[in-house]
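# Structural characterization, general
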Amino acid sequence: MAAINDLIAQIKDDDLRSRIDAELKRLLKQKKFGLVFEDHMPEGLNEGPIYPTLRIMDQVLHAPDKDLWHALIEADNYYALQLLAYLYPGMVDCIYIDPPYNTGDKSWKYNNNYVDSSDSFRHSKWLSMMKKRLVLAKKLLNPKDSVLIVTIDEKEYLRLGCLLEELFPEANIQMISSVINPAGVSRGGEFARTDEYIYIVMLGKMSPQPLPLSDDWRGKIKGGYKDKLRWNGLMRSGTNARREDRPNLFYPIYVSNDGHHINKIGNSIPLNRNRNEVESHIESVTIWPIRSDGSEGNWQISQERLAFLYEKGYVRLGSFTENGMSFSYLKSGEATKVDEGKFPIIGHRDDGSIIVDESDYEARFIPGTQWWITSHDATQLGTKLLNAIIGKRFDFPKSLYAVHDTIRFFVVNKPNALIVDFFAGSGTTLQAVNLLNAEDGGKRRCIMVTNNEVSEAEAKELKRKGYQPGDEEWERLGIARYVNWPRTVCSIEGHDVNGQPLKGEYLGTDKREMKEGFESNCVFFKLEFLDKTQVALGRQFRELLPMLWMKAGAFGQCPQLEKDGVPEMLVLPENHFAVLTDEKSFGQFVDEVDKHEDITMIYLVVDSDMMYREMAKQFPKKQTCQLYRDYLDNFRINVTR
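Quick look at the structure, then.

Conventions we followed
Residues numbered from 1 in each chain as written. Predicted model: local features only at pLDDT ≥ 70, side-chain atom pairs only at ≥ 80, totals over all residues. Heavy atoms only, no water. Salt bridge = Lys/Arg side-chain N within 4 Å of Asp/Glu carboxyl O. Helix = DSSP H or I, 4+ residues; strand = E, 2+ residues; numbered from the N terminus. Buried < 20%, exposed > 50% of the residue type's maximum accessible area, 1.4 Å probe, protein only. Pairing = 2+ DSSP bridges. Axes fitted to C-alpha atoms, helices over the stretch in contact; angles between N-to-C directions. Contact = heavy atoms within 4.5 Å. Polar contact = N/O pair within 3.5 Å; in protein donor to acceptor, adjacent residues only side chain to side chain. Phe/Tyr/Trp six-rings, centres within 6.5 Å; stacked < 30°, edge-to-face > 60°. Lys NZ or Arg CZ within 6 Å of the ring centre and 35° of its normal. 1 Å grid on protein atoms, 1.4 Å probe; cavity = no way out; pocket = protein on both sides within 12 Å on 5 of 7 lines; lining within 4 Å. Points joined across faces, edges and corners; volume = space filled by probe spheres on them. Nonpolar A, V, L, I, M, F, W, Y, C, P; charged D, E, K, R; others polar. Parallel < 35°, antiparallel > 145°, perpendicular 65-115°, else oblique. Left-handed = near helix turned anticlockwise from the far one by under 90°.

### Observations regarding the pattern of salt bridges
Per the stated rule, a full pass over the model turns up 38 salt bridges. Note that arginine 464 is salt-bridged to glutamate 461, the shortest N-O span being 2.6 Å. Highlighted residues: arginine 464 and glutamate 461, both in helix α11 (residues 456-464), separated by three residues, approximately one helical turn. Exposure remark for arginine 464: the relative accessible area of 60% places this residue in the exposed category. A relative accessible area of 33% places glutamate 461 in the partly exposed class. The residue glutamate 614 makes a salt bridge to lysine 617 at a minimum N-O spacing of 3.3 Å. By relative accessible area, glutamate 614 is classed as partly exposed at 42%. Three or more residues joined by partner-sharing salt bridges are found here, namely Asp153, Glu154, Lys155 and Arg193.

### A closer look at the sheet that holds strand β23 (residues 569-572)
Spatially, four strands are ordered β23-β24-β25-β26 in an open sheet, and the strand pairing comes out mixed. Only two strands of the sheet have a single partner each, and these edge strands are β23 and β26 (623-627). For this sheet, the mean angle separating the axes of adjacent strands, direction not counted, is 15°. As paired strands, strand β25 (residues 601-605) and β26 are joined by five bridges and run parallel to one another. Bridging across to β26, valine 605 finds its partner in leucine 627. The strands touched by helix α15 (residues 541-551) are β23, β24 (577-580), β25 and β26; relative to β24, the strand with the most contacts, the crossing angle is about 145°. Across the sheet, helix α16 (residues 586-594) touches β23, β24 and β25, and the angle it forms with β23 is around 5°.

### Here's the deal with the side chain of arginine 133
Within the fold, arginine 133 resides in helix α4 (residues 122-140). Of the residues examined, arginine 133 reaches a relative accessible area of 3% and is grouped as buried. A polar side-chain atom of arginine 133 sits 3.2 Å from a polar atom in the side chain of aspartate 76.

### Details of the packing of aromatic side chains
Summed over all chains, the structure comprises 22 aromatic pairs. With a centroid separation of 5.2 Å and an interplanar angle of 80°, the aromatic rings of tyrosine 79 and phenylalanine 529 are classed as edge-to-face. Highlighted residues: tyrosine 79 in helix α3 (residues 77-87) and phenylalanine 529 in strand β22 (residues 521-529), separated in sequence by 450 residues. Among the aromatic side chains, those forming a connected cluster through ring pairs are Tyr51, Tyr86, Tyr631 and Phe635. In this structure, arginine 393 packs its charged tip against the face of tyrosine 482, placed 4.0 Å from the ring centre.

### Brief notes about unusual backbone geometry
When glycine is set aside, most residues are seen to have a negative phi, and most peptide bonds are trans. Cis peptide bonds are those with omega within 30 degrees of zero, and the linkage from leucine 627 to tyrosine 628 qualifies with 0°. As for its position among the elements, tyrosine 628 is in the loop between β26 and α18 (629-638). A positive phi angle, close to 55°, is found at asparagine 240, a residue other than glycine. Within the fold, asparagine 240 resides in the loop between β10 (232-233) and β11 (253-256).

### Digging into empty space enclosed by the protein
Using a probe with the size of a water molecule, rolled over the atoms, empty space left in the structure can be pinpointed. Here the structure, examined in full by the defined rule, presents one cavity of 30 Å³ or more. In this structure, the largest cavity occupies an estimated 60 Å³ of space. In terms of lining residues, the largest cavity is bounded by Tyr96, Thr151, Ser178, Ile180, Glu196, Ile198, Trp371, His376, Lys398, Ala402, Val403 and Thr406. Of all the secondary structure elements, the ones that give two or more residues to the lining of the largest cavity are β8 (195-204) and α9 (400-411). When residues in the lining of the largest cavity are grouped by element, the largest group, three residues, is from α9. Partitioned by chemical class, the residues of the lining of the largest cavity number six nonpolar, four polar and two charged.

### Side note on the packing of α9 against helix α10 (residues 428-440)
If you want to describe how two helices pack, look at the angle between their axes and the distance between the axes. Following both chains from N to C, one finds α9 and α10 inclined at 60°, their axes separated by 9 Å at the closest point. The angle between α9 and α10 places the two elements in the oblique class. For the crossing formed where α9 meets α10, the hand is right-handed. Judged by residue contacts, Leu400, Tyr401, Val403, His404, Ile407, Arg408 and Val411 of α9 engage Thr428, Thr429, Gln431, Ala432, Leu435, Leu436 and Glu439 from α10.

Next up, the structure:
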């Protein structure tokens, strides 16, 4: 709009300028359909081709014998997402983000200026910022089976929902309401705020999985989620419960006179035939599906299915009533639990139905969309938990268990999931992933991205002391280096920033002590940029090596070159990749690679496409990549699409 107004102002003809201005105002008053907002220029970002790489800042090694390496990348996430889209296109299982909520509290910057509530373009700037990142994030997600999880509050949830539907039209999208502050945040003249929202964007076959959950999750659902075998009434209720709705399920069941056995299951009868015309069975009481009001109903299952279940002991007889007898049976899901031994059979009742041991069973279920979970309290298990690790360095972190639980619904059956958080903040997501891995032995990998901004108050104080962004004192207090990385190191090693063992236990069944830490490793990177000419000449191999390690799956400790220069080849079985930089050594390279089955990624530095294809044929079972052509072409062509 600002650009259009400037152009109108340049019209010299007063009448024409007035008419165009009036027409524009009229158009702006018309109803717009869909999400309409200003597509602002990126917040001080370069939209042209970039050539990113990663420089190692630090690392924590707490499981030297394990391949599990997480990563923290200090960067503007717009650039980091471009790099990740090159490294892991369509390979990410879960993205969890907690973006700035645009509350007007100067918590985020745009064009290097804080955006506050007085900015008339505040909402469109936020949407523009989010759209650019979500477009890149979509390139990461596996279109066949992945999930994007976004938390938000009431300031932008409507606009975010429209944006997600626009960018992910093929997805199944749900919104959760989650209580994060049971005490409520008082707001003058308004209801106290207790909750926020979680958008769940499910791609392909992704769906939440049933889990064993605490009583908090069970809510007030009729019948509840009980830790016992569930018998279902054989008489249909609710919709389609009349005889005429399912005439083929209106049939007699002949029960022995003592009420202990089913002697026979009869055939269904046509609608025009009276049930009283059906012959009785010897020494049996005939039971029809008669409802409590005396009207004719129908059974839930066919005669054949009923006979099969009765033979297995999966049908239970009730007592005789004036309307007949009630029956219950095991639906397929419950029957499967018995078949799989989750409910061991320990005997039978007089009617032949099974008696099971329910003592060790814990129900698994998918909860509703209203979460009021004690462990999701952001004050008690977010702020206080973080303060115990690094002190008072960060406001309003998520509850560790809120993140853990949300992710768990989608990666519980993915022990090797790749999880990305590109608004990583204080680092809750990585600690949650490590906790999940510790609980079930998984090897899920987490990549976090956060900038190294300082708060507005810290920035003013640093400037007062004469410091500027880039100075060591300034950078030391940024969120990546002062909050996220210390938390990551401390939570993995099991101590606070002062070196004292962490106190307390993680919530859960195994009572894991926090001082144990986690058997995992993490590397801290800073995203930097390379000169494309120098890359093409092969002069920045050392700088690209960490990125090659990431692309190959981040196995083992990230390799670093101790000497200057570029080796003719690198064969790194512990890192699962190998690099050939001099095609003259190809024969020797093939021999070396063949010695190591663990190598799954091959990088070949060769200018000729034909030569590359011929070389790649020697590795039919391995993934190959043409350096440096593949890297340069990706960021020259694909990033700007």
